[in-house]
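# Understanding the architecture of this molecule
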Amino acid sequence: MSNIRAIRGMNDILPNETPAWQQLEAVVAATVRGYGYGEIRLPVVEHTELFKRSIGEVTDIVEKEMYTFNDRNDESLTLRPEGTAGCVRAAIQQGLLSVPQRLWYAGPMFRYERPQKGRQRQFHQVGVEAFGIATPDIDAELILLSARLWHQLGLSSSVTLQLNSIGSNESRAAYRAALVAYLAQHRDALDADSQRRLESNPLRILDSKNPDTQALLDGAPELSEYLDEESQADFARLCELLTAAGVEFDVNPRLVRGLDYYNKTVFEWVTDQLGAQGTICAGGRYDGLVAQLGGKATPGIGFAMGLERLVLLMEEVGSVAHDSARADVYVIAGGDLAHQCALVQVERLRDAHAGLRIVQHVGGGSIKSQIKKADKSGAMVALIWGETEVDEGTVTLKPLRGQGQQLTLPLAALPEALDTALSVES
RNA sequence: GUGGCCGUAGCUCAUCAGGUAGAGCACCGGAUUGUGACUCCGGAGGUGGCGGGUUCGAGACCCGUCGGCCACCCCA
């Protein structure tokens, strides 16, 4: 019958792709460390209720994109569609919020969406969250951190920062009413999706891609006119700090968020090099979320970035440092006895040369075919044990790149000879 | 959930008025006795995504289904 395939939208990341991921992950880990953020590791599965209460009941994520199921105890569980909710839950539950906290995490997220470029059903995010700091200096810090990441990854010239403030819940509610009032007068001019959102989530109409809808919005009330004083002041301060730090940004008054918990600062890093899924990183403030999930009122702010999209972008701009070699040294043996002898010596070599990639040929075959494998492995040198070498207690060192000469030497001389061979050839 | 394009060897792709498939790369072996890269020779590998239909006959036409890509939508 037909073979079992991976689940749609849940991709294998193959050995030729993992170096880019490792590169990305290493840069992220080093950068967040440099800002004093601590890593937190969170479950992939949470109570469904957590996401309903944080993301919002009427969002698309909760309504139609979550992997929700009942466990054997008949409890409704959900594969996390994003990381902030779980992070906040853990911070409350583990009592991390009595002092300001800077946290980060990485891992797979799950959303039932139609797969396309830069969008899959299991995808990976890195999230960075800061709790207990209400002032906009932390907003600036997070954005500077993200900007540094792009710099480290060679992506700075490929991304731009979109910035906005969506204000307090009260000011946003007032704006929402005004927007609905305006759009309701022009209901017929709205596209079908926007008409539907008029009831469910009118602010989302602001970032509609429909040109007619966007044109209609030109005459609509502006969110910025409804901002409360504090939000205005904080946003101005944030802009000031970013400018002082030399971070360029575009204020986009129609930038909103698809998750309900955001307030005040929202931002997105976008690129035009990935097609339709151009947001590589997005976040904002969520001052009400901790209290909403049962914790003591604590301000919060954070962002998440999509690792698949970042890897795509890194490949797009050629900032992936790929080295095709899988080995530094390839070990060849002629016959079982020689293989056994080589096996022992190679383990000693690994003791002495930690970090060196030593691949020992297995599965037999002629010396010729083994040398072919050695060549294809990308190794700089081959070590050969044949009958002669075993009898004489020697080993043959054959350089595979450059014009070094092959030589047979006593085992005791091998470590040093290997060092020189590798340093000369590299 | 909607739409467009697509689904032939491991990979990239071809072929043909519909008559039961080919190339390049990769892989394996050989070109005298234990030595790669270049070259030459040879070999293996496909129930043409899956199921049904039309036909004397289908990979080629039709329908369905699954999958892929892109876009809508959504969002990281």
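Higher on the page you've got the structure.
Below is a summary of the structure that appears in this document. Not measured: the values here are computed from a predicted model. (Residues numbered from 1 in each chain as written. Chains lettered and ligands numbered in written order. Predicted model: local features only at pLDDT ≥ 70, side-chain atom pairs only at ≥ 80, totals over all residues. Heavy atoms only, no water.)

## Some words on the nonpolar core
One finds Y37, V128, I143, W150, W269, I280 and M305 to be the most contacted residues of the largest nonpolar core, which totals 44 residues. In terms of residue count, helix α5 (residues 136-152) provides more of this core than any other element does, 8 residues in total. (Core = buried A, V, L, I, M, F, W, Y, C linked by side-chain atoms within 4.5 Å. Buried < 20%, exposed > 50% of the residue type's maximum accessible area, 1.4 Å probe, protein only. Helix = DSSP H or I, 4+ residues; strand = E, 2+ residues; numbered from the N terminus.)

## Here's the deal with helix α9 (residues 229-245)
In this model α9 runs 24 Å from its N-terminal to its C-terminal C-alpha over 17 residues, within 8% of the 24 Å that 1.5 Å per residue would give. Looking at α9, one finds that the buried residues are S231, D234, F235, L238, C239 and L242. The arc enclosing the buried residues of α9, seen along the axis, measures out at 140°, which places them on a common side. Facing away from the buried side of α9 by over 90 degrees, the exposed positions are E229, T243 and A244. Among the structural elements, α5, β7 (160-165), β8 (250-251) and β9 (263-270) are those in contact with the buried residues of α9. Within two residues after α9, G246 carries a phi angle of roughly 80°, on the positive side. (Expected span 1.5 Å × (residues − 1). Arc of directions from axis to C-beta. Contact = heavy atoms within 4.5 Å.)

## Brief notes about the packing of aromatic side chains
In this description, an aromatic ring pair is defined by two values, namely the gap between the centres and the angle between the planes. Tallied over the full model, the rule gives 7 aromatic pairs. Ring geometry for Y67 against Y112: centres 5.9 Å apart, planes inclined by 70°, an arrangement best described as edge-to-face. Of this pair, Y67 sits in strand β3 (residues 67-70) while Y112 sits in the loop between β5 (101-110) and β6 (122-131), and the two are 45 residues apart along the sequence. Looking at R121, its charged tip hangs above the ring of Y112, at a distance of 3.9 Å from the centre. (Phe/Tyr/Trp six-rings, centres within 6.5 Å; stacked < 30°, edge-to-face > 60°. Lys NZ or Arg CZ within 6 Å of the ring centre and 35° of its normal.)

## Observations regarding the sheet that holds strand β16 (residues 407-410)
What the 5 strands build is an open sheet, ordered β13-β12-β14-β15-β16; its pairing is mixed. At either margin of the open sheet sits one strand with a lone partner, and together these are β13 (358-360) and β16. Neighbour-to-neighbour, the strand axes of the sheet open up by a mean angle of 25°, direction not taken into account. Bridging between strand β12 (residues 329-333) and β13 involves 3 bridges; their strand directions are parallel. The partner of V331 across the bridge, within β13, is Q360. Its contacts with the sheet put helix α13 (residues 367-377) on β12, β14 (381-385) and β15 (394-399), and the angle it makes with β12 is roughly 170°. (Pairing = 2+ DSSP bridges. Axes fitted to C-alpha atoms, helices over the stretch in contact; angles between N-to-C directions.)

## Digging into α5
Each full turn of the α-helix corresponds to 3.6 residues, which orients residues three or four apart in the same direction. With 17 residues, α5 should cover 24 Å at 1.5 Å per step; its first-to-last C-alpha distance of 24 Å lies within 8% of that length. Two residues or fewer past α5, G154 is found with a positive phi of approximately 75°.

## Quick look at the protein's contact with RNA strand B
What surrounds RNA strand B is a group of 48 residues, the closest being R114, K117, R197, R204 and T388. The sugar-phosphate portion of RNA strand B accounts for 56% of its atoms within 4 Å of the protein, the bases making up the rest. Contacts to RNA strand B include R8, whose side-chain N or O atom sits 2.9 Å from a phosphate oxygen. Contact distances for RNA strand B include 3.3 Å between a phosphate oxygen and a backbone N or O atom of G258. Where the surface near RNA strand B is concerned, the elements lending two or more residues are α3 (60-65), β6, α7 (192-200), β10 (279-285), β11 (300-306), α13, α14 (387-392) and β15. (Near = heavy atom within 4 Å. Polar contact = N/O pair within 3.5 Å; in protein donor to acceptor, adjacent residues only side chain to side chain.)

## Observations concerning the pairing of β3
Taken together, the 4 bridges between β3 and strand β4 (residues 76-79) define a ladder with antiparallel strand orientation. When the bridges of β4 are listed, Y67 appears paired with L79.

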